[in-house]
Amino acid sequence: TIYHGDKTIQSNWAMVSYHRHRALIALFSLTTRAGAFSAPSTSAVAAHFKRSNNLAARHHLFIRGGASTSSTTSSIHNSNTNGEEEEPRTGWLHNTEPKYASYPTSSSSSPLSLAMKRLMADKMQKYRNHRIITPPAAHPCGDANRIMVTEHKISIPLTHPDLKAAIMNNEQLSSTASEEQRRIVPVERIDGAFLTNNEAFDEPTIDVYFTITELLSNAQDEAHFHALQNPNLSPSQRATVYFQKGSNDDDDSSIDPSRMMLYLQGGPGFGCASPVLGLSLASSSSSWAAAVLLGGKVSNADGKSFQRIVLMDQRGTGRSSAICKQQLVKMFPDLFLLDKKEGEGKVVGEEFGGDSDARMMLLQARQQKALKEATDYLSLFRADSIVRDAEWIRESLANPFPSVNDDGNDDAAVNGPQPWGGALGQSFGGFCLMTYLSSIQNPPELVYFTGGIAPMNTPVREVYDRLWLRVRERSWKYYEQYPGDVATVKKIVRKLLAHENSADPIILPSGGILTARRFLQVGLALGGSPGTSFANMHSVINSAFVDEDSDEISNAFLKTIDYEQSFDDAPLYFLLHESIYADGEGATQWAANQSYESHVEANSEFDYRVTSEEDNSNPTLFFGEMVFPFMAHGDFSELSNSGMRTLSEALAEKSDWLPLFDETNMRTALVHKKKSRAAAACYYDDMYVDFECAMKLVQRGCPLEGVKVYVTNEYQHSGLRDDGANIINKLAAMSKNRLHVPS
């Protein structure tokens, strides 16, 4: 007998159809290959009854057996006062039980029944937990148009199943493993394991935030917008309403991925630009996004216009389960045990009494264990996970309500591959697109790189040896435009060095220390255009002192430095920056710092302690897009102290990274099977991505042979921000052979 509230349903060796439109519960039945059901033996009854209770708990059903069988009285999902499902427990290494009730799993000798497949599909939708977190906003844009911006969150596996398998395989490989053994196996279905293996649902989740920007071009669009603005809708209900319009087909709730453009931002470690606020849509020429939606020159592979732009905060950044020191302290408290000051909470190891050595050994042992866990955790926030997150989002938009037909095939299997219509990668986002081409069987159909061809096949130390020379060139360029700043920068550096050598360091509002080396990191902005980035740097530098005749550092300057150098707020940039070059085996070992020390040893022009002297004729060179171990030694307060310092050192010494790029897979996608057409803007004077390293990869016979390249020194690395509409229009024309570039 099955009870659901005050309802009673009778059943005898049968399947009961209940719970919405597709959930089926198999009670006391054995599934054969043909899907038939037969009366089980006594021993099978006991086993299947236990499993049926688990199934019933998943659907709020309560099963009562005979006198010898106990009943279950608990439900896996709870409801809050708004009728929403309570958020499942998530986290890292803190889950002691799975989020959902356990289902029987399939095996090679016993394929899943149709009923079980439908149950798994229903479970998949709940696992995704897709929400539109606020009512949408509408904004006027060019040519009397309006756009709608919806803000989405979706739950995503912390470790995607195929990536988990790759990690396990990597751990088993010896240092002598062949290149073939370390190759990337491309993924066909990012959610495939979740429809065949119940254990996949035990994986903890993180949230990924993304926005969708689309035109409101007719009365139906406006009606849809107003329906989504209903304040009584919960976030999950709002997502359901969103898909009711879908692709403007009343019989189809899905969205056509081929008419969506995915954007992957630079970084790593920072959230994506917000539509309207950080990405202008005022006219078709105001940004790359405006050109895609309004300009009419950018279309998908079939020549149709793009309907939607998806802007994703990459995992751990922005509003996507963001990583910050506060969060790391909560997740890995033992990592920060040695950061505690006297009187802050219970003293760990107090049972050892006055034996300080024993207490310290205990602290260090616990910290080391937490260090391993935290290092493994942060290793999941690289490009290989990011592209799988993008695939998860695409699949969730294309097939929002997973279902299985009578032949046992789910939506994705019936529809076939539905790749993104296009993807644009700026800087590190371009690195991610190379990982996309390497890791996903059906990558975006159109792929656009802007300053984002990763220097694969170039050792990380050589990468930084080259980049330091580019930083020097940009420093000279800056001083050519603002020659008066040569003396000002020298004066600032001397002042800061004097405070460093005394017991009176200059403390920033954030609690960090303004050292000379930290100040020189303002040079990170040198890679932008002289008209904006240089001008902003000039303004910062000339606010350093209270007045021109004073050597007192101004408070306004200190506040500005804190604002310009936001690594405290985005620690992933510091912790994982060099790992973007870790393509397989080998530690990065603070490669930028090693390279800097070598340059200083070979040429004193790089040594700010020398060049800041008044009688030295050389200008003081800035630092570029590099991270250094000193950043965790007091210069940045949130990055400093024992916990963050040891974590940064562990990541720098980590040598068992997974490969990010696969030459064979990239050539398969671009050249052999032509699944993707690609074009790239490569900036000749790029300070962040070495031009020569990029050019090595686009030659005939090389990994990115199929990429059409637009080479220019008209723009700096910020070209997409400075003139995005022209650049995306040019790349779109190149990818479709409508423009003879290269000539």
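This text goes with the structure placed above it.
Predicted, not measured: the structure shown is a model, and the values here were computed from it. (Residues numbered from 1 in each chain as written. Predicted model: local features only at pLDDT ≥ 70, side-chain atom pairs only at ≥ 80, totals over all residues. Heavy atoms only, no water.)

Q: Break down the pairing of strand E16 (residues 677–683) for me, with residues and values.
A: Among the seven residues that make up E16, six are buried, leaving the element largely enclosed by the rest of the structure. Summarising the sheet, E16 and strand E17 (residues 707–712) pair through six bridges and their orientation is parallel. Each residue of the ladder has a partner; that of tyrosine 683, found in E17, is threonine 712. Regarding the hand of the β-α-β motif, the stretch spanning E16, helix H22 (residues 691–697) and E17 is right-handed. (Buried < 20%, exposed > 50% of the residue type's maximum accessible area, 1.4 Å probe, protein only. Helix = DSSP H or I, 4+ residues; strand = E, 2+ residues; numbered from the N terminus. Pairing = 2+ DSSP bridges. Right-handed = clockwise from strand over helix to strand, strands pointing away.)

Q: Which residues make up the packing of helix H9 (residues 383–398) against helix H11 (residues 428–439), and what are the values?
A: Packing of H9 against H11 brings their axes to within 9 Å, and their N-to-C directions diverge by 75°. Put simply, H9 runs roughly perpendicular to H11. Residues Ala383, Asp384, Ile386, Val387, Arg388, Ala390 and Glu391 of H9 touch H11, and the partners they reach there are Phe428, Cys432, Thr435, Tyr436 and Ser439. For the contact of H9 with H11, the residue count by class is seven nonpolar, two polar and three charged. (Axes fitted to C-alpha atoms, helices over the stretch in contact; angles between N-to-C directions. Parallel < 35°, antiparallel > 145°, perpendicular 65-115°, else oblique. Contact = heavy atoms within 4.5 Å. Nonpolar A, V, L, I, M, F, W, Y, C, P; charged D, E, K, R; others polar.)

Q: Explain the packing of aromatic side chains to me, and be specific about the residues and the numbers.
A: Summed over the entire model, instances satisfying the criterion amount to 31 aromatic pairs. Arranged with centres 5.4 Å apart and planes meeting at 40°, the rings of tyrosine 478 and tyrosine 482 form a pair that is tilted. On the basis of relative accessible area, tyrosine 478 is assigned to the buried category, the value being 0%. Take tyrosine 482: its relative accessible area is 17%, and that puts it in the buried class. With centroids separated by 5.2 Å and ring planes inclined at 65°, the aromatic side chains of tyrosine 596 and phenylalanine 623 adopt a geometry described as edge-to-face. One end of the pair, tyrosine 596, is in helix H18 (residues 591–602); the other, phenylalanine 623, is in the loop between helix H19 (608–611) and helix H20 (641–653), with 27 residues separating them in the sequence. Owing to a relative accessible area of 10%, tyrosine 596 belongs among the buried residues under this scheme. Since its relative accessible area comes to 2%, phenylalanine 623 is described here as buried. In textbook terms, an aromatic cluster arises when at least three aromatic residues are bridged by ring pairs, as seen for Trp468, Tyr596, Tyr608, Phe623, Phe628 and Phe630. Lying over the aromatic face of phenylalanine 381, arginine 315 brings its terminal NZ or CZ to 5.5 Å of the ring centre. The positively charged end of lysine 654 is found above the aromatic ring belonging to tryptophan 657, 5.1 Å away from the centroid. (Phe/Tyr/Trp six-rings, centres within 6.5 Å; stacked < 30°, edge-to-face > 60°. Lys NZ or Arg CZ within 6 Å of the ring centre and 35° of its normal.)

Q: A description of empty space enclosed by the protein should follow, citing residues and the corresponding values.
A: Scanning all chains against the criterion turns up seven cavities of 30 Å³ or more. A volume near 90 Å³ is recorded for the largest cavity. Around the largest cavity, the lining is made up of 13 residues, and of these Leu575, Glu578, Thr588, Leu651 and Ala652 lie nearest the centre. For the lining of the largest cavity, the elements supplying multiple residues, two or more each, are helix H17 (571–576) and H20. Per-class residue counts for the lining of the largest cavity are eight nonpolar, four polar and one charged. (1 Å grid on protein atoms, 1.4 Å probe; cavity = no way out; pocket = protein on both sides within 12 Å on 5 of 7 lines; lining within 4 Å. Points joined across faces, edges and corners; volume = space filled by probe spheres on them.)

Q: Tell me about unusual backbone geometry, and please be specific about residues and values.
A: Put simply, glycine 267 and proline 268 share a cis peptide bond, and its omega is 5°. Relative to the helices and strands, proline 268 is located in the loop between strand E12 (260–264) and helix H6 (288–295). The peptide bond linking valine 741 to proline 742 adopts the cis configuration, its omega dihedral lying at 0°. Inspection of the secondary structure assignment puts proline 742 in the segment after helix H23 (719–735). One non-glycine residue with positive phi stands out, namely asparagine 641, at about 80°. With respect to the helices and strands, the residue asparagine 641 is situated in helix H20. Of note, asparagine 737 is a non-glycine position whose phi angle comes to about 60°, a positive value. If you trace the backbone, asparagine 737 turns up in the segment after H23.

Q: Kindly report on the side chain of serine 718, identifying the contributing residues and their values.
A: Structurally, serine 718 can be placed in the loop between E17 and H23. Residue classification places serine 718 among the buried positions, given a relative accessible area of 6%. Polar side-chain contacts of serine 718 include one of 3.3 Å to the backbone nitrogen of serine 529. Only 2.6 Å separates the side chain of serine 718 from the side chain of aspartate 722, close enough to count as a polar contact. Contacts of serine 718, omitting those with residues within four sequence positions, involve Gly527, Gly528 and Ser529. (Polar contact = N/O pair within 3.5 Å; in protein donor to acceptor, adjacent residues only side chain to side chain.)

Q: Outline the packing of helix H8 (residues 356–378) against H20, listing residues and values.
A: Running from amino to carboxyl end, H8 crosses H20 at an angle of 55°, the nearest separation of the two axes being 10 Å. On the basis of their axis angle, the class for H8 and H20 is oblique. Handedness of the crossing formed by H8 with H20: right-handed. Packed against H8, whose contacting residues are Gln367, Leu371, Ala374, Thr375 and Leu378, the element H20 presents Ser642, Gly643, Thr646, Leu647, Ala650 and Leu651 at the interface. Of the residues assigned to the contact of H8 with H20, the class counts are six nonpolar, five polar and no charged. (Left-handed = near helix turned anticlockwise from the far one by under 90°.)

Q: Can you tell me about the environment of leucine 572, naming the residues and giving the values?
A: Inspection of the secondary structure puts leucine 572 in helix H17. For the pair leucine 572 and alanine 322, spaced 250 residues apart in the sequence, the C-alpha separation amounts to 9.2 Å. When neighbours within four sequence positions are excluded, leucine 572 is seen to be in contact with Pro268, Gly269, Arg315, Gly316, Thr317, Ile323, Leu378, Phe381 and His577.

Geometry only, nothing functional implied.
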